[in-house]
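Structural overview
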Amino acid sequence: MNNDHVMLRTEGLAKQFTLHLQGGVRLNVLDGVDLEVRAGECIALAGPSGAGKSTLLRALYGNYRADAGRILVRHEGALFDLASALPRTVVAIRKRTLGYVSQFLRVVPRVSALDIVADAAHDRATAPANAQATAAALLHRLNIPANLHALPPATFSGGEQQRINLARGFIGAHPILLLDEPTASLDAANRDVVIAMIAEAKARGAAIVGIFHDAFVRDAIADRLYQIAPYPQAA
Amino acid sequence: MTVDPDILLSARGLNLSFGAIPALVNVDADLWPGEMLAIVGESGSGKTTLLNVLSGKLRPQSGVVTYRDPAGALHDVHAMPQPALRALHRSDWGFVHQNPRENLRMAVSAGGNVGERLMAQGKRHYGHIREAAIDWLQQVEIDPARVDDLPRTFSGGMLQRLQIARTLVTHPRLVFMDEPTGGLDVSVQARLLDLIRSLVRRLGIAAVLVTHDLAVARLLADRIIVMQRGEVVEAGLTDQVLDDPAHPYTQLLVSSVLQA
């Protein structure tokens, strides 16, 4: 496999928000973002708070709409522009190519932790029985004890919920992974597990873009930093 | 008109007013197989009217709704003869009402309610029908021992699950749902959401879901249509529209949700 090929590339990506309820205030957040990520590479988004790191990560997932520019994603051998793709195409790309680990767990209430994680594997057309076993193994690895697997995570601690989210994000083995503060509420032992999981994902050729405020994590896994400058707001 | 070769249901240029009140203004909508589309908006925005027009229950003043049958043939839903439309509602389509009493026969047993849809399709073997009814009661988490009980002995949440069993027993390809979790208490609602989501996914059913609850739309739907005064003001991927709303009305809707 050619490990050099580009998995994700943005060209002139721009994003602004118009807040209609606040008198039409316009916030320019991103402008002219040119980012390139290759297979097996991990890029850390850097910049001061409010510079637009999370906005960029959400735009890369198609969660925020781009106002200008292209977001090229390598999906099943071809490049697709996420910024102009049909919603159905975005859904397909997310299922098989583009994984995202958000900071907060948002799930159907009363579904067990194990089913939530296994369900994410189902999106990749894995056999249900295998998905359950893989999900359980992944939860164990993230130190979620077996007696919690059958419980819905609504009552779990912040760190436990984040680990459910991580298991859900990693089980699909997506070729591209977007990670928003994946270790924010984890202790050192769990942080090391996540570092190892990210390193393994890189080794299998995944392209990773993340926000890592923890310098230890960033130094351990990031190949390069992508600096986001705060947009010069008009006075 | 050209229609995408994969599309299941397609609406173009729907208009309908009730007197001076516009209920649908130039509405387009598309649905692909296996996909769930949510229609959201406040009361009176036209979302239930749109559902009724898409399902052929209500005739638009102008515009076309096209359905592609399993053989690939296209049908103009509002030009179909009534018997053909009724046959479609009995076989390929299902309708889940907010009030399950509109769809259920309250004087017929739970098993009878489920089996009736099969009999309407020409199934006659009593043992097989009863078997299917019991199987579906289990799938919607109703104790099979209740198969001979009358629906009026059921709670609201059980009635809604019974309605879903009755609707899905014939394996429809397309289900229309009008506020399926409305009026239920939240613990029952959560269980029903999970049930709908897993059934729709497992059976590969396409669904159009009307809801005023943005959280329900987020958890169930791939795509969303936001309506205001009969117009589609915003449409797209559910998480995109809810997290990055562009239209002033969508921004108002999203910012008005109470956080529990």
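Residues numbered from 1 in each chain as written. Chains lettered and ligands numbered in written order. Predicted model: local features only at pLDDT ≥ 70, side-chain atom pairs only at ≥ 80, totals over all residues. Heavy atoms only, no water.

Section: the overall build of chain B
Which entries qualify depends on this criterion: Starting at the N terminus, helices and strands are each numbered in turn, a helix being any DSSP run of H or I of at least four residues and a strand any DSSP run of E of at least two. Only C-alpha atoms enter the radius of gyration; for comparison, a globular chain is expected to reach 2.2 Å times N to the power 0.38, where N is the number of residues. Remark: exposure states derive from per-residue accessible area (1.4 Å probe, protein chains only) relative to the maximum for the residue type, with buried under 20%, exposed over 50%, and partly exposed in between. Contacts: residue pairs with any heavy atoms within 4.5 Å of one another. Accessibility throughout is a Shrake-Rupley quantity obtained with a 1.4 Å probe, and a residue counts as covered only by protein chains that appear here.
Along the backbone of chain B there are nine helices and 10 strands. Rg of the C-alpha trace for chain B: 18 Å, near the compact-globule value of 18 Å for 260 residues, within the 12% margin. With the C-alpha coordinates of chain B rotated into their principal frame, the extents come out at 55 × 45 × 35 Å. Taken across its 260 residues, chain B has 53% of its residues classed as buried. Long-range contacts, defined as pairs at least 24 residues apart, comprise 66% of the intrachain contacts of chain B with a sequence gap of at least 6. Element-wise, carbon and sulfur atoms account for 52% of the exposed surface of chain B, whose accessible area totals about 11,200 Å².

Topic: the packing of helix α3 (residues 110–120) of chain B against helix α4 (residues 126–139) of chain B
Residues and elements named next belong to chain B. Heads up, the rule is: All axes are obtained by fitting lines to C-alpha atoms, using only the stretch in contact for helices, and the reported angles, taken between N-to-C directions, cover 0 to 180 degrees. For classification purposes, angles smaller than 35 degrees are called roughly parallel, those larger than 145 roughly antiparallel, those between 65 and 115 roughly perpendicular, and all remaining angles oblique. Crossing handedness follows the turn of the near helix against the far one: under a right angle anticlockwise gives a left-handed crossing, and clockwise gives a right-handed one.
Interhelical geometry of α3 versus α4 gives an angle of 125° and a closest axis separation of 9 Å. Taken together, the axis directions place α3 and α4 in an arrangement best described as oblique. For the element pair α3 and α4, the recorded crossing hand is right-handed. Contacts between α3 and α4 pair G111, V114, G115, L118 and M119 from the former with I129, A132, A133, W136 and L137 from the latter.

Some thoughts on helix α9 (residues 248–255) of chain B
Turning to α9(B), its buried residues number three or more, namely B:Y249, B:T250, B:Q251 and B:L253. Where α9(B) is buried, its residues meet β1 (6–19) of chain A together with α7 (214–220), β9 (223–228), β10 (231–237) and α8 (238–243) of chain B.

Section: the pattern of salt bridges
Residue and element names in this part refer to chain B. Put simply, the test is: The working definition used for a salt bridge is a side-chain nitrogen of Lys or Arg within 4 Å of a carboxyl oxygen of Asp or Glu.
This model, assessed by the stated rule, comprises 24 salt bridges over all chains. Here E116 makes a salt bridge to R166, at a shortest N to O gap of 2.7 Å. Taken as a pair, E116 in helix α3 and R166 in helix α5 (residues 156–168) lie far apart in primary sequence, 50 residues in all. For D149, the salt bridge identified is with R146, shortest N-O distance 2.5 Å. Residue D149 is classed as partly exposed on the basis of its relative accessible area of 28%.

Description of the sheet that holds β10(B)
Going by this rule: Here the rule is simple: two strands pair whenever DSSP picks up at least two bridges between them.
Strand order in this open sheet of six strands is β6-β7-β8-β3-β9-β10 (chain B), and the pairing throughout is mixed. Each edge of the sheet is formed by a strand with only one pairing partner; in this case those strands are β6 (93–96) and β10 of chain B. Between one strand and the next, the sheet's axes are offset by a mean angle of 15°, whatever the strand orientation. As defined by bridge partners, strand β3 (residues 36–40) of chain B adjoins β9(B) across four bridges and the pair is classed as parallel. Of the residues in β9(B), the one forming a bridge with B:A38 is B:I224. The strands touched by helix α2 (residues 87–96) of chain A within the sheet are β9 and β10 of chain B, with β10(B) carrying the most contacts at an inclination of about 25°.

Here we look at the environment of B:A107
If you trace the backbone, B:A107 turns up in the loop between β6 and α3. Spatially, the C-alpha atoms of B:A107 and B:S91 are 23 Å apart, while their sequence positions differ by 16 residues.

What about α4(B)?
All names here are of chain B. Under the convention used in this document: To estimate how far a helix should extend, the number of its residues minus one is multiplied by 1.5 Å. To be clear, the arc concerns the directions from the helix axis to the C-beta atoms.
Over its 14 residues, α4 runs 20 Å from end to end, which matches the ideal 20 Å to within 8%, given 1.5 Å per residue. For α4, the complete set of buried residues consists of I129, A133, W136 and L137. Along the axis of α4, the buried residues cluster in a sector spanning 105°; they form a single face. Against α3, α5 and α6 (186–203) lie the buried residues of α4. Looking one or two residues beyond α4, the residue adopting positive phi is E141, at roughly 65°.

Comments concerning the packing of aromatic side chains
Put simply, the rule reads: Each Phe, Tyr or Trp ring (for Trp, its six-membered ring) is paired with any other whose centre lies within 6.5 Å, and the angle between the two planes then decides the class: stacked below 30 degrees, edge-to-face above 60, tilted in between. Consider the ring centre and the ring normal. A charge sits over the ring if Lys NZ or Arg CZ is within 6 Å of that centre and within 35 degrees of that normal.
In the structure shown here, the tally under the stated rule is five aromatic pairs over all chains. An aromatic cluster is built from B:Y67, B:W93, B:F95 and B:F176, whose rings are joined through pairwise contacts. Geometry around A:F17 places A:K15 over its ring, the cationic atom sitting 4.8 Å from the centre. In this arrangement the basic side chain of A:R94 is found over the ring face of A:Y61, its NZ or CZ atom lying 4.1 Å from the centre.

What about the domain arrangement of chain B?
Where interface size is quoted, it is often the accessible area lost as the parts come together. Residues and elements named next belong to chain B. As a reminder of what qualifies: Boundaries between domains were set according to an automatic or database domain assignment. We define buried area as the total accessible area lost by two parts upon association, computed with a 1.4 Å probe and summed across both. Polar here means any residue other than Ala, Val, Leu, Ile, Met, Phe, Trp, Tyr, Cys and Pro, which are nonpolar, and Asp, Glu, Lys and Arg, which are charged; Gly is therefore polar.
In terms of domains, chain B is made up of domain 1 (1–92 + 173–260) and domain 2 (101–171). A C-alpha centroid distance of 25 Å is found between domain 1 and domain 2. Counting from both sides, the interface comprises 16 residues of domain 1 and, opposite them, 16 residues of domain 2. Between domain 1 and domain 2 the total buried area reaches about 1,300 Å² when both faces are included, carbon and sulfur atoms providing 62% of it. Here domain 1 is connected to domain 2 by zero salt bridges. Of all the secondary structure elements, the ones that give two or more residues to the side of domain 1 that touches domain 2 are α2 (82–90) and α6. Of the residues forming the side of domain 1 that touches domain 2, the biggest block, eight residues, is contributed by α6. In terms of residue class, the side of domain 1 that touches domain 2 is made up of 10 nonpolar, two polar and four charged.

Describing the pairing of strand β4 (residues 68–75) of chain A
Residue and element names in this part refer to chain A. Note that β1 and β4 share five bridges and pair antiparallel. Pairing of E11 across the sheet is with R70, part of β4. Linking β4 to strand β5 (residues 78–81), which pair antiparallel, is a turn of two residues; within it E76 sits at a positive phi near 50°.

Considering the interface of chain B and chain A
With 30 residues of chain B at the interface, the matching set in chain A holds 25 residues. A combined buried area of about 2,300 Å² lies between chain B and chain A, and 52% of that area is made up of carbon and sulfur atoms. The largest share of the area that chain B buries against chain A comes from B:R201, B:L237 and B:D244, three residues that together contribute 25% of it. Linking chain B with chain A are seven salt bridges, by the criterion used here. Close ionic contact of B:D243 with A:R106 constitutes a salt bridge, the shortest N to O distance being 4.0 Å. The dominant element in the side of chain B that touches chain A, judged by the number of residues it contributes, is α6(B), at eight residues.

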